[in-house]
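# Examination of the molecular architecture
Next come the chains, spelled out residue by residue.
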Amino acid sequence: GIGLWVLFNGGSNPELIEPRQSHLLGAPERTGLFINEIMSLNASAHITNGITPDWTEIYNYSALPQNMAGWALEQYDADGGIAHWNFPTTNTIIIPPLGHLVVYCKKNPGLNPGLYATFDLAADGESIALLGPGSARVDFVQFPAIPEDASYARFLDGARFFGYNPAPTLGTRNRRSSNVDPSAERRDPYVGPGGSSLGVNARFFDD
């Protein structure tokens, strides 16, 4: 049979019915919070207060609101470094049921308003984890190099599999993206010692 999930809102006691075969529809296989979408090379896709920070989106697949007090994000770079960021406790941050929360990622956000994790995301790929109270790892995503102004997103909110999304859905429901055409990004060439050799760097993408 085909699995279904439905949110019955019966006043103050909503009930979440999960699918028996969630993998068939790409629906979440558990309740709770997910790292739902990542953008690590935001050149012009999203501008906020005159800057273009990287960002990650968290999705609450639950019938209850989630208070983020005590939660954290951790970034693991390719060199083994770890950057830890705690959600602020100075103001209450709530993700509503089936809601989305965008966290901008910028090492030095300055006085820009908004929710900022104080690390940058690597355009060439790395890992990020969502930690619950007590530093329990709730979700972990190892993401690859991502094309400029594209995101790396779950096929549907909370779904198991990710893919490149040329039309990012920051703060809103993920949609199945169309096939992304293969592409290449040129990088600055480099000259070997003494000008003896010339190298060209490039990044190639194909979903």
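This structure is a prediction, so every number in the text was calculated from the model and none was measured.

### Structural notes on the environment of R176
With respect to the helices, strands and loops of the structure, R176 is situated in the loop between β14 (162-165) and β15 (183-186). Note on R176: relative accessible area 55%, which makes it exposed. C-alpha separation for the pair R176 and L156, spaced 20 residues apart in sequence, amounts to 6.3 Å.

### Section: the side chain of S127
Mapped onto the secondary structure, S127 falls in strand β11 (residues 125-131). Judged by relative accessible area, S127 falls into the buried class, the value being 9%. With residues up to four places along the chain from it excluded, the contact list for S127 reads E74, Q75, Y76, F140, V141, Q142 and F143.

### Topic: unusual backbone geometry
The backbone of L98 shows a phi angle near 60°, a positive value even though the residue is not glycine. You can call L98 partly exposed: its relative accessible area is 23%. You will see that D149, though not glycine, has its phi angle at about 65°, which is positive. Mapping D149 onto the fold places it in the loop between β12 (137-144) and β13 (151-154). Under the relative-accessibility criterion, D149 is labelled buried at 15%.

### Quick notes on the packing of aromatic side chains
Counted according to the given criterion, the structure contains six aromatic pairs. Ring centres of Y76 and F140 lie 5.9 Å apart, and the angle between their planes is 50°; on these two criteria the pair is classed as tilted. Residue Y76 is located in strand β6 (residues 72-76), and its partner F140 is located in strand β12; the two are separated by 64 residues in the primary sequence. Overall, the relative accessible area of 16% leaves Y76 in the buried class. Between W85 and F87 the ring centres are 4.7 Å apart and the planes differ by 55°, which places this aromatic pair in the tilted class. Relative accessible area serves as the criterion here: at 8%, W85 is assigned to the buried category. Linked through ring pairs, Y152, F162 and Y164 together constitute an aromatic cluster.

### Details of the sheet that holds β12
On the basis of which strands lie adjacent, the open sheet formed by four strands has the order β7-β6-β11-β12 and antiparallel pairing. Two strands close off the open sheet at either side, each with one partner strand: β7 (82-86) and β12. Sheet twist, expressed as the mean angle between neighbouring strand axes with direction ignored, is 15°. When β6 meets β11, the two strands line up antiparallel, connected through five bridges. Note on β11: the bridge partner recorded for Y76 is S127.

### Re the sheet that holds strand β10 (residues 116-117)
Adjacent strands of a sheet pair through backbone hydrogen bonds, lying either parallel or antiparallel. Pairing is mixed across the open sheet formed by six strands, whose spatial order is β10-β9-β4-β3-β13-β14. Unpaired on one side and paired on the other, β10 and β14 mark the two borders of the sheet. As paired strands, β13 and β14 are joined by four bridges and run antiparallel to one another. Its bridge partner being in β14, R154 is matched across the sheet by F162.

### Considering empty space enclosed by the protein
Taken as a whole and judged by the stated rule, the model has one cavity of 30 Å³ or more. Roughly 50 Å³ of internal volume is contained in the largest cavity. Lining the largest cavity are A153, R154, F155, G163, Y164, N165, N174, R175 and S177. For the lining of the largest cavity, the secondary structure elements donating two or more residues are β13 and β14. Of the residues forming the lining of the largest cavity, the biggest block, three residues, is contributed by β14. Among the residues forming the lining of the largest cavity, the class breakdown is three nonpolar, four polar and two charged.

Basis of the calculations
Within every chain, residues take consecutive numbers counted from 1 along the sequence as written. The model is predicted, so local features are restricted to residues of pLDDT at least 70 and side-chain atom pairs to those at 80 or more, both for listing and for counting; the totals for chains, interfaces and linings are taken over all residues. To get the side-chain values, take all heavy atoms of the structure and skip hydrogens and water. Runs of E in the DSSP output that reach at least two residues are strands. Runs of H or I that reach at least four are helices, and both are numbered from the N terminus. Burial classes: relative accessible area under 20% of the type maximum marks a residue as buried, over 50% as exposed, and values in between as partly exposed (1.4 Å probe, protein chains only). Throughout, a residue-residue contact means that at least one pair of heavy atoms, one from each residue, lies within 4.5 Å. Stacked, edge-to-face and tilted labels apply to pairs of Phe, Tyr and Trp rings (six-membered ring for Trp) whose centres lie within 6.5 Å, assigned for plane angles under 30 degrees, over 60, and everything in between, in that order. The pairing criterion is simple: DSSP has to find at least two bridges between the two strands. A fitted line through C-alpha atoms represents every axis, and for helices the fit uses only the stretch in contact; the resulting angles, taken between N-to-C directions, go from 0 to 180 degrees. Only protein atoms enter the 1 Å grid used here, on which a cavity is any set of points holding a 1.4 Å probe that cannot leave and a pocket is any open set flanked by protein within 12 Å on both sides along at least five of seven lines; residues with an atom within 4 Å of a point are listed as lining. Grid points are joined across faces, edges and corners, and a volume is the space filled by probe spheres set on the points. Three residue categories are used. Nonpolar comprises Ala, Val, Leu, Ile, Met, Phe, Trp, Tyr, Cys and Pro, charged comprises Asp, Glu, Lys and Arg, and polar comprises the others, including Gly.

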